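# Summary of the model geometry
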Amino acid sequence: MEQIQAIINLAAGGGKPDQAALAALLGCEGEDEARLLAAADRVRKQSMGERVHLRGLIEFSNYCERNCLYCGLRRANGSLVRYRMEGEEILAVARAGAALGYRTVVLQSGEDSCYTAKMLAEVVCRLKSELDLAVTLSVGERSREEYKLWREAGADRYLLKHETADRELYQALHPDMTFDNRRRCLYWLRELGYQVGSGCMVGLPGQTLESLADDLLFMQELDVEMAGIGPFIPNPSTPLGHCQGGTAGLTLKMIAAARLLLPQAHLPATTALGTVDSQGRQKALQAGANVVMPNITPNRYRRMYEIYPNKICLDDNPAHCRNCIGGIIAGLGRTVATDCGHSPKGDFAAAGTLSEAGTQ
Ligand code: SAM
Ligand code: SF4
Ligand code: FES
């Protein structure tokens, strides 16, 4: 008990617990666990305040050229009906999102080279010039030149989860990808001036507490502006369909530990956590999280973006989800942020202030 409290104090005080200490922290239970979550909630309040940032998620294509063993969008999954949204349609969805009050849209898809860098750059450019939205891209691994083009077109942020910091596990889960290239991409994004989001899944087969500790240490080393942490959910249409999934409890401890190590990072209460536990997003918001990414994808596509089964909100429209989330946030005594919620860190905060000023 004293040992765990000492680790919490060290991390909350800006110190750097090592892998063994973080693994012990992630393994804590009972009163220790409650202390960890409460400490993360306090640090969140001090460094990020009471406002919760909303990001409208647009899942614009479920085609994927990759074959990640855990994901329903993998190219070998022949049971999925595939769709692609055109640029104009993405713009229309974002416009509807902006009308609901969203100030950030996240454009996410499988790895789909049908969308050339130029096509996506044009969409980004129009999202900025016509709708004045903050734009996060999450379209997987591309070349440095492509990332550069999108950054120049105005993309503010990029979400590319490192998925697992365990090299062997990474290689086993990603047949045609490499651990090194994933990391190279993240460092390019950093160099290009994006607000960088990484993150991992919790409860992958073969994953240990030490490897989860390494996930935290990697995100601390990269000094990420965002960290998406969610449970692995087995999908029966994938080779990992028979495996056990990650638990809400361990995921919450990971989010809490991430908050202690990364006080200024945006941490979403993920949809995957809301899927394994109906109160999962509420619990995350009280254990360090300060962001929610409601789905604003039109209903006719939602069901087809089936990364994992039983995803929440499949029959709910964007306006309904916006109200639902607003209610959840108010119910926790928090408020929905009305600015676009750039990272509070140095340069990004300054850039955010400029663009906010430009809209007044
Ligand atoms: N293709 C892009 C990529 O992989 O970065 C973006 C889309 S991908 C569907 C978004 C995220 O879904 C991945 O980063 C992964 O962590 C998550 N994901 C995929 N399959 C999952 C599963 N079975 N359970 C939980 N999360 C999953
Ligand atoms: Fe494709 Fe991303 Fe799913 Fe991997 S996680 S199969 S890259 S959509
Ligand atoms: Fe979609 Fe609650 S967020 S129904």
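See above for the structure.
A brief look at the structure comes next. (Residues numbered from 1 in each chain as written. Chains lettered and ligands numbered in written order. Predicted model: local features only at pLDDT ≥ 70, side-chain atom pairs only at ≥ 80, totals over all residues. Heavy atoms only, no water.)

Around ligand 2, a shell composed of Cys-64, Arg-66, Cys-68, Tyr-70, Cys-71, Leu-73, Arg-74, Gly-110 and Glu-111 is seen. Here ligand 2 occupies the largest cavity. For the shell around ligand 2, a count of residues per class yields five nonpolar, one polar and three charged. (Near = heavy atom within 4 Å. 1 Å grid on protein atoms, 1.4 Å probe; cavity = no way out; pocket = protein on both sides within 12 Å on 5 of 7 lines; lining within 4 Å. Sits in = over half its atoms within 2 Å of the grid points. Nonpolar A, V, L, I, M, F, W, Y, C, P; charged D, E, K, R; others polar.)

As a structural note, the neighbourhood of ligand 1 is formed by 17 residues, with Tyr-70, Lys-161, Glu-163, Ile-233 and Ile-307 the closest of them. Note that a nitrogen atom of ligand 1 is positioned 2.9 Å from one of the backbone N or O atoms of Tyr-70. Contact between ligand 1 and Ile-233: a nitrogen atom at 2.8 Å from a main-chain N or O atom of the residue. One can see that ligand 1 is located within the largest cavity. Counted by class, the shell around ligand 1 contains nine nonpolar, five polar and three charged residues. (Polar contact = N/O pair within 3.5 Å; in protein donor to acceptor, adjacent residues only side chain to side chain.)

A word on empty space enclosed by the protein. In total, this model carries three cavities of 30 Å³ or more according to the counting rule given. Here the largest cavity is characterised by a volume of approximately 1000 Å³. Lining the largest cavity we find 45 residues, and of these Gln-108, Lys-161, Glu-163, Tyr-305 and Ile-307 sit closest to its centre. Tallying contributions element by element places strand β7 (residues 226-231) first for the lining of the largest cavity, with three residues. Residue classes in the lining of the largest cavity are distributed as 26 nonpolar, 10 polar and nine charged. Of the voids in this model, the second largest cavity is the one considered here, and its volume is about 90 Å³. For the second largest cavity, the full set of lining residues is Arg-55, Val-106, Thr-136, Leu-159, Met-226, Gly-228, His-266, Pro-268, Val-291 and Met-293. Among the residues making up the lining of the second largest cavity, the classes are represented as six nonpolar, three polar and one charged. (Points joined across faces, edges and corners; volume = space filled by probe spheres on them. Helix = DSSP H or I, 4+ residues; strand = E, 2+ residues; numbered from the N terminus.)

Attention shifts here to the sheet that holds strand β9 (residues 335-336). In space, the three strands of this open sheet follow the order β8-β1-β9, with parallel pairing throughout. The sheet is open, and its two edges are formed by β8 (291-292) and β9, each paired on a single side. Pairing analysis gives two bridges linking strand β1 (residues 51-54) to β8, with the strands arranged parallel. The residue bridging His-53 from the neighbouring strand is Val-291, located in β8. (Pairing = 2+ DSSP bridges.)

We now examine the packing of helix α5 (residues 117-131) against helix α6 (residues 144-153). When two helices pack together, their arrangement is given by the angle between the helix axes and the distance between those axes. α6 packs onto α5 with a crossing angle of 20 degrees between their chain directions and a minimal axis gap of 8 Å. Compared by their axis directions, α5 and α6 come out roughly parallel. The handedness of the crossing between α5 and α6 comes out as right-handed. Residues Ala-117, Lys-118, Leu-120, Ala-121, Val-124, Cys-125 and Lys-128 of α5 touch α6, and the partners they reach there are Glu-146, Leu-149, Trp-150 and Ala-153. (Axes fitted to C-alpha atoms, helices over the stretch in contact; angles between N-to-C directions. Parallel < 35°, antiparallel > 145°, perpendicular 65-115°, else oblique. Left-handed = near helix turned anticlockwise from the far one by under 90°. Contact = heavy atoms within 4.5 Å.)

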